[in-house]
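Fold and geometry: a report
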Amino acid sequence: MLNQFLSNANWLAIIVAAFAYFGLGSVWFSLLFGKQWMALNGIPAPTPETKEQMKKMMLPMMIKTLVMSLILAVAIGFLVMALGIGNGTAGIKLGLLLSAIAVIPLIMADMYLMKPLKLWFIDAGYHIIGIILMSIIISVWH
C-alpha cells in the first residue's frame, strides 16, 4: 500500500495543503491571535534588541514548521488514499477525527503546565482548522 501511495499520490495537493496549513499559522499567530498568544505564554513584547535575535531564530523555526506541515500532509494524503476518501464532506470528517487525536494530547500537556484554557483554544483552534483544511484540500483534489 505504501508503494501505491508513493507512486499515485497527488503530490501537488499535498504540497499545497502543507503550505495552506503553514500560511494559516502565519496569519493565526500574528494578525489574529499573536498578541494574546504571546501574553498568555508570558512572552514580553519584543524590544529593538530582541527583534534582531528573533529574526535569526525565526527562519530555522519556520523551515522546521514547514517540514512538519509537509510530513502531516503526507500522512493525511496516505489516509485519504487508504480510506478511499474523495469528497469534501469525508475530508471534513477525517480532519475532525485527526484534530481530536492531535488536540487531546495538547490539552493534557497544557493542564499539567498550568496553561490558561484560553491559550489552549488558540493553539487547538489553529490545529483543528488547519488539519481540516489540509484534509479537504487533499480529499477533493484528484
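See above for the structure.
**Overview of the side chain of Asp123**
Position of Asp123 among the secondary structure elements: in helix 6 (residues 117-140). Apart from residues no more than four positions distant in its own chain, Asp123 is found in contact with Phe29, Trp37, Leu106 and Asp110.

**A word on a nonpolar patch on the surface**
The grouping of Leu2, Leu6, Trp11, Ile15 and Phe19 at the surface amounts to a nonpolar patch, some 460 Å² of accessible area in total. Of all the secondary structure elements, the ones that give two or more residues to the nonpolar patch are helix 1 (2-8) and helix 2 (11-32). Take the nonpolar patch: its biggest share by element is three residues, from helix 2. Checked against the element boundaries, Leu2 lands in helix 1.

**Topic: the packing of aromatic side chains**
Applying the stated criterion across every chain, the model contains seven aromatic pairs. Here Trp120 and Phe121 contribute two aromatic rings whose centre-to-centre distance is 5.1 Å and whose plane-to-plane angle is 70°, an arrangement assigned as edge-to-face. Among the aromatic residues, those joined into a cluster by ring pairs are Tyr21, Phe29, Trp37 and Tyr126.

**Observations regarding unusual backbone geometry**
We note that Met114 has phi near 60°; this positive angle belongs to a residue other than glycine. By the secondary structure assignment, Met114 is in the loop between helix 5 (88-112) and helix 6. By relative accessible area, Met114 is classed as exposed at 71%.

**What to know about the packing of helix 5 against helix 6**
A pair of packed helices is captured by two measures, namely the crossing angle of their axes and the spacing between those axes. Packing of helix 5 against helix 6 leaves a shortest axis separation of 8 Å and a crossing angle of 150°. Between helix 5 and helix 6, the angle is such that the two are roughly antiparallel. At the point where helix 5 passes helix 6, the crossing takes the right-handed sense. Grouping the amino acids of the contact of helix 5 with helix 6 by side-chain chemistry returns 16 nonpolar, seven polar and two charged.

**Examining the environment of Lys35**
Structurally, the position occupied by Lys35 is in helix 3 (residues 34-40). For the pair formed by Lys35 and Val140, sequence separation is 105 residues and the distance between their alpha carbons is 35 Å.

Calculation rules
- Residues numbered from 1 in each chain as written.
- Predicted model: local features only at pLDDT ≥ 70, side-chain atom pairs only at ≥ 80, totals over all residues.
- Heavy atoms only, no water.
- Helix = DSSP H or I, 4+ residues; strand = E, 2+ residues; numbered from the N terminus.
- Contact = heavy atoms within 4.5 Å.
- Patch = residues over 30% accessible without salt bridge, like charges linked within 9 Å, V, L, I, M, F, W, Y side chains within 5 Å.
- Areas by Shrake-Rupley, 256 points an atom, 1.4 Å probe, with all protein chains shown as cover.
- Salt bridge = Lys/Arg side-chain N within 4 Å of Asp/Glu carboxyl O.
- Phe/Tyr/Trp six-rings, centres within 6.5 Å; stacked < 30°, edge-to-face > 60°.
- Buried < 20%, exposed > 50% of the residue type's maximum accessible area, 1.4 Å probe, protein only.
- Axes fitted to C-alpha atoms, helices over the stretch in contact; angles between N-to-C directions.
- Parallel < 35°, antiparallel > 145°, perpendicular 65-115°, else oblique.
- Left-handed = near helix turned anticlockwise from the far one by under 90°.
- Nonpolar A, V, L, I, M, F, W, Y, C, P; charged D, E, K, R; others polar.

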